Each structure stands twice: as C-alpha cells, then as structure tokens.
Amino acid sequence: MRRRRFAKTLVIGAALVTVGLGYAVLVPNGAAGADGPQSDQIDAGRRLFAVGCSSCHGMHAEGGTNGQGRIAGPSLIGVGAAAVDFQVSTGRMPAAQTNAQVPQKTPVYTEQEIAELAAYVASLAPGPAIPATDEYDVSKATQSEIVRGGELFRTNCTACHNFAGRGGALPNGRYAPSLMATTPRNMYQAMLTGPQQMPVFSDSVLLPEDKRAIIAYIVALQHADDPGGFGLGRLGPVSEGLWGWLVGIGLLVVVAVWIGAKVPRIRRR
C-alpha cells in the first residue's frame, strides 16, 4: 500500500514538473514581446504617479488626507484606465486645488504619459478600460441614430446638461459642464466612469449602442447652425423672451425719450 501511494505521488510530481518545464520553455518565447512593453509602461506610469499624484492619492493610490482628517484625494484602486484617461486628458487632474468642482483646463501630461498613468492605475485592480475607437466613432452615424440619441439624451442627461448640452448649475457650487468642446472619446469615458457628481451609465444602464447614439446626437449639436444667426446659448424661450423684453422694450423707451425731447415744450404765460 505504501509503495502504491509513493508511486502515485511520484507520478503526479513528475507530471507537474513536466508541465512546468514545458510552460517555461514554450510560453516566454511567445509572450515576452507582449508583456515586456506593457510592463515598461506600467513602471513608467508608477514613476509619474509617485511624482505628480501621490501627494493627494497616496503612494499606492489608496487615497490620502490633507493632514487635518479631510480627504485630499480618493482611492484610485478599481477606477480603471478610462477614468484616468478622462481626468488627465481633460486637464482636471492634477487639480490645482480641491474645490466643489474641478474645472477643465489644458492637460499637463502628454498622450504617452497619460497612457502610462492609465496603465499603472489599471494594473492595481480591474476597472473600466479605455474604449476602442469603434465604440465611440460616430462619423458614419445615420439620421435615425442621431434622432434616437436625442431621445436618450433628453431622458437621461438634460436634467444637468440642459437639452442643448450647454451645461447648467447644480447645488453646492457644482455645475454640469458644457459638452460643446468634449470629444466623443471623453463622452464615452464619462458615461463609463461617472466623473465627479455625474452618475455611472454602465452597459447595464445604457447599452454601448445607446452611448454611441447619444454621442452622435451631441456631435450633431456641436456642428449645428443657428438659423437666426445668434443662438442665445440655445436656452430656449426663456433667453429668447428675455432678449425680446430687454431689446424690444428698451428700444421703445429710447424712442419715447427721443420723441419727448423733440416735442417743443409749451410755455405758460
């Protein structure tokens, strides 16, 4: 019985050694070319993160405080590459100061450095990946897709961004930014990650084709002409009515004053 058990153990051990040796011999030859550059990119991102991001987000992206118990930067573990690409490519990160809203500004990092930072954060834990080009490319969107995107946008987005995508005010000093200068890639990433106060529109909430339709509608708004020549922010009857009152009534007052100045006064005897 002991010999049989020993023989079984020996056979299993030999099989494991054989499989391990085969993997070590065959796999590195095919995978070294793929893993090497990715590992270098992650290492470069780690160095950039330590210099430019760790003061707020912690050395290992675990989040940090400002020394007074207040959160200086949230944890980035699990946010994914898409969140990093959105925040850094729009210049929102690194933030100059922690206000209620971090505004968009000129990016600090190059495209290569942004890709390195995104690769490093993505290596920490699974999260939304940077979408492929065909996921947000709307250059061949049909009119029906644009119309459908408008319906989805008015249902899900106008409460904050208004129906023309020009943005709007929110409570506590926050605001929904205008979408008139936002790229399709960043629109898709914003829906995936929910930056700042924006909710996350995952694929279970909005299908990928729904996201693409919304992007097609916004791009159509970005290139739409104003038939009247002056869009007035495309805010609808409120701005148009206010313009009518200010200009129309204002002109009437000016005309009335001018007429009054021209009429000769009747002198009393």
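For the structure, see preceding data.
Residues numbered from 1 in each chain as written. Predicted model: local features only at pLDDT ≥ 70, side-chain atom pairs only at ≥ 80, totals over all residues. Heavy atoms only, no water.

Caption draft 1: Spatial organisation of a nonpolar patch on the surface. On the surface, a nonpolar cluster with roughly 510 Å² of combined accessible area is contributed by Leu242, Trp243, Leu246, Val247 and Leu251. Residue placement: Trp243 occurs in helix 10 (residues 237-262). By relative accessible area, Trp243 is classed as partly exposed at 46%. (Patch = residues over 30% accessible without salt bridge, like charges linked within 9 Å, V, L, I, M, F, W, Y side chains within 5 Å. Areas by Shrake-Rupley, 256 points an atom, 1.4 Å probe, with all protein chains shown as cover. Salt bridge = Lys/Arg side-chain N within 4 Å of Asp/Glu carboxyl O. Helix = DSSP H or I, 4+ residues; strand = E, 2+ residues; numbered from the N terminus. Buried < 20%, exposed > 50% of the residue type's maximum accessible area, 1.4 Å probe, protein only.)

Caption draft 2: Summary view of the nonpolar core. Counting 21 residues, the largest nonpolar core has Phe153, Met191, Leu206, Ile214, Ile215 and Ile218 as the members making the most contacts within it. Elements that contribute at least two residues to this core include exactly helix 6 (143-156), helix 8 (184-193) and helix 9 (208-222). When residues of this core are assigned to their parent elements, the largest contribution, eight residues, is made by helix 9. Here Ile218 is in contact with Phe153, Leu179 and Met187, once residues within four sequence places are set aside. Among the nonpolar cores identified, the runner-up in size contains 16 residues, and Ile42, Cys53, Ala61 and Tyr109 belong to it. (Core = buried A, V, L, I, M, F, W, Y, C linked by side-chain atoms within 4.5 Å. Contact = heavy atoms within 4.5 Å.)

Caption draft 3: Structural context of the layout of surface pockets. Considered as a void within the structure, the largest pocket measures approximately 1,100 Å³ in volume. Contributing to the lining of the largest pocket are 41 residues, with His57, Gly73, Pro74, Met93 and Val102 lying nearest its centre. Put simply, the parts of the chain that give the lining of the largest pocket at least two residues each are helix 1 (2-52), helix 2 (54-57), strand 2 (71-73), helix 3 (80-89), helix 4 (111-124) and helix 8. Per-element tally for the lining of the largest pocket: the top contributor is helix 3, with five residues. A per-class count over the lining of the largest pocket returns 24 nonpolar, 15 polar and two charged. For the second largest pocket, the calculated volume is near 520 Å³. Looking at the second largest pocket, it is lined by 32 residues, and the ones nearest its centre are His161, Pro177, Leu179, Ala190 and Met198. Contributions of two or more residues to the lining of the second largest pocket are made by helix 3, helix 6, helix 7 (158-161), helix 8 and helix 9. The element best represented in the lining of the second largest pocket is helix 8, accounting for four residues. (1 Å grid on protein atoms, 1.4 Å probe; cavity = no way out; pocket = protein on both sides within 12 Å on 5 of 7 lines; lining within 4 Å. Points joined across faces, edges and corners; volume = space filled by probe spheres on them. Nonpolar A, V, L, I, M, F, W, Y, C, P; charged D, E, K, R; others polar.)

Caption draft 4: Highlighting the side chain of Gln101. Topologically, Gln101 is positioned in the loop between helix 3 and helix 4. In this structure the side chain of Gln101 is engaged in a polar contact, spanning 2.9 Å, whose partner is the backbone oxygen of Tyr175. A polar contact of 3.3 Å, which involves the side chain of Gln101, links it to the side chain of Gln197. Residue contacts for Gln101: discarding those within four places in its chain leaves Gly173, Arg174, Tyr175, Pro177, Gln196 and Gln197. (Polar contact = N/O pair within 3.5 Å; in protein donor to acceptor, adjacent residues only side chain to side chain.)

Caption draft 5: Summary view of the pattern of salt bridges. Within the structure shown, the criterion is met by four salt bridges. A salt bridge links Arg148 to Asp210; the nearest nitrogen and oxygen atoms lie 2.1 Å apart. With Arg148 in helix 6 and Asp210 in helix 9, this residue pair connects regions lying 62 residues apart in the sequence. On the basis of relative accessible area, Arg148 is assigned to the partly exposed category, the value being 36%. You can call Asp210 buried: its relative accessible area is 9%.

Caption draft 6: How the structure looks around the packing of helix 3 against helix 4. One can describe the packing of helix 3 onto helix 4 by two numbers: an axis separation of 8 Å at closest approach and a directional angle of 145 degrees. Considering how the two elements wind past one another, helix 3 and helix 4 form a crossing that is right-handed. Across from Gly80, Ala81, Val84, Asp85, Val88 and Ser89 in helix 3, the residues of helix 4 making contact are Ile114, Leu117, Ala118, Val121 and Ala122. Among the residues forming the contact of helix 3 with helix 4, the class breakdown is eight nonpolar, two polar and one charged. (Axes fitted to C-alpha atoms, helices over the stretch in contact; angles between N-to-C directions. Left-handed = near helix turned anticlockwise from the far one by under 90°.)

Caption draft 7: The packing of helix 8 against helix 9, seen in detail. One way to put it is that helix 8 packs onto helix 9 with a least axis distance of 10 Å and a crossing angle of 135 degrees. For the element pair helix 8 / helix 9, the angle class is oblique. As helix 8 packs across helix 9, the resulting crossing turns out to be right-handed. Residues Pro184, Met187, Tyr188, Met191 and Leu192 of helix 8 lie in contact with helix 9, whose contacting residues are Pro208, Lys211, Ile214, Ile215, Ile218, Val219 and Gln222. (Parallel < 35°, antiparallel > 145°, perpendicular 65-115°, else oblique.)

Without other data, these values stay purely geometric and don't point to any function.
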